[in-house]
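Residue strings, one per chain:
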Amino acid sequence: MLTPHATSEYGTLRHVAMRYAGDVTPDLDGPDVHPVLARQKATSTWRPYTPATVRAQQDGLIHLLRSRGTEVTLLGEAPGCSAQHYPRDIAVVIDHVLVVARLNSEHRLPEADALAPLLADVPHVVHLDEGTIEGGDVMLHTGMVLVGLGEETSPTGVRALQRALAHHGVEREVRPVRFAVDGIVHLDDHFTIVAPDTALIHRGAFPPDQLRWFEQHFDLVDVSDDEAWAVQANVLAIAPGAVVVAAGSDRIAAQLAARGLEVLTVDYSEVTRIPGSLRCTTLPLTRA
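Only a predicted model underlies this, so the values are computations on that prediction, with no experimental measurement involved.

**Some words on helix 5 (residues 155–167)**
Here is step 1: The end-to-end C-alpha separation of helix 5 is 19 Å, in line with the 18 Å expected for 13 residues at 1.5 Å each.
Here is step 2: Taken as a whole, helix 5 has its buried residues at Gly-157, Val-158, Ala-160, Leu-161, Ala-164 and Leu-165. Down the axis of helix 5, the sector holding all buried residues measures 160°, keeping them to one side. With respect to the buried face of helix 5, the exposed residues turned more than 90 degrees away are Ala-166 and His-167.
Here is step 3: Next to the buried residues of helix 5 lie strand 3 (91–94), strand 4 (97–100), strand 5 (125–127), strand 7 (144–148) and strand 8 (173–177).

**Concerning the packing of aromatic side chains**
Here is step 1: Evaluated as defined, the whole model comprises 7 aromatic pairs.
Here is step 2: Here Phe-191 and Phe-214 contribute two aromatic rings whose centre-to-centre distance is 4.2 Å and whose plane-to-plane angle is 15°, an arrangement assigned as stacked. One end of the pair, Phe-191, is in strand 9 (residues 191–195); the other, Phe-214, is in helix 6 (residues 208–217), and 23 residues separate them in sequence. The same class applies to Phe-191 and to Phe-214, which are both buried.
Here is step 3: Pairing Phe-206 with Phe-214 gives two aromatic rings, centres 5.2 Å apart and planes at 80°, and the pair type is edge-to-face.
Here is step 4: Taken together, the ring pairs connect Phe-179, Phe-191, Phe-206, Trp-213, Phe-214 and Phe-218 into an aromatic cluster.

**Let's talk about empty space enclosed by the protein**
Here is step 1: A full pass over the atoms with the stated rule returns 3 cavities of 30 Å³ or more.
Here is step 2: Considering only enclosed or pocket space, the largest cavity measures out at about 110 Å³ in volume.
Here is step 3: If you trace the largest cavity, you find 14 residues lining it, with Glu-9, Arg-88, Val-92, Val-93 and Pro-284 closest to the centre.
Here is step 4: Breaking the lining of the largest cavity down by element, the ones donating at least two residues are strand 3, strand 6 (138–141) and strand 15 (283–287).
Here is step 5: Estimates place the volume of the second largest cavity at around 50 Å³.
Here is step 6: Ala-91, Val-92, Val-99, Ala-101, Leu-128, Ile-133, Glu-134, Gly-135, Val-138 and Leu-161 together form the lining of the second largest cavity.
Here is step 7: Per-class residue counts for the lining of the second largest cavity are 8 nonpolar, 1 polar and 1 charged.

**As for the state of the cysteines**
Here is step 1: Under the criterion given, the structure shown has 0 disulfides.
Here is step 2: Cys-81 takes part in no disulfide bond, and the closest cysteine sulfur to it belongs to Cys-280, at a distance of 15 Å.
Here is step 3: A relative accessible area of 2% places Cys-280 in the buried class.

About the thresholds
- Residues numbered from 1 in each chain as written.
- Predicted model: local features only at pLDDT ≥ 70, side-chain atom pairs only at ≥ 80, totals over all residues.
- Heavy atoms only, no water.
- Helix = DSSP H or I, 4+ residues; strand = E, 2+ residues; numbered from the N terminus.
- Expected span 1.5 Å × (residues − 1).
- Buried < 20%, exposed > 50% of the residue type's maximum accessible area, 1.4 Å probe, protein only.
- Arc of directions from axis to C-beta.
- Contact = heavy atoms within 4.5 Å.
- Phe/Tyr/Trp six-rings, centres within 6.5 Å; stacked < 30°, edge-to-face > 60°.
- 1 Å grid on protein atoms, 1.4 Å probe; cavity = no way out; pocket = protein on both sides within 12 Å on 5 of 7 lines; lining within 4 Å.
- Points joined across faces, edges and corners; volume = space filled by probe spheres on them.
- Nonpolar A, V, L, I, M, F, W, Y, C, P; charged D, E, K, R; others polar.
- Disulfide = S-S within 2.5 Å.

Quick look at the structure:
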């Protein structure tokens, strides 16, 4: 029986779910581009990608994770979904509870449906009753859950999450994180916790009051506009002292190494042609 458990963003990653990219790719420039995508294109790179190359790069990460002792479960196909290789968005484990996301985009709903076989025996599963919330906006911090209020997650979804966690005995404050600009895809493209009290941040995405709060709670590693555009803030901590970054993130890697972290790299250049990277392609189920 699967018993999900995670209390932080950086506990040792014991079990993770992933899903290979499918052969469906998004329509980025056609006449029927969704207004949300139009706004998101102002804050993130959206370029055509080759699915087979994405899958090959995912294999590189899978090999790295398994070499470090992480169990990798591959989820089934989500027919017709161009972002199916980003399972982070479809669920999040908070303490002993697995929360199934309420996805904002109707065309992504089959991605969450594919979780059903995995969840059959999970003891504590939450389905929120209103609003929208996606896992890329959700981040665990001491005593709280940070939730980005970008294009895909609503204040109503945040309130629904707070109620659901309280109902299941999770004593955490659910704290909204606001952005300074429209078009933000997810929080983890601009802010990611990588170790106890250490986080990457793209300051341009946040208003002054939110930046002050981050400064009070974290040792912040700055991510430049160009690095954020290249999705380099979207890294994956796999243990309290180890983090995986995308190849080419040299300056960020050096900053993390200077703080005593072991930095591992994989080539994710094809994955990041649309705004997602290492964190997006992984759904942690168990962290020690």
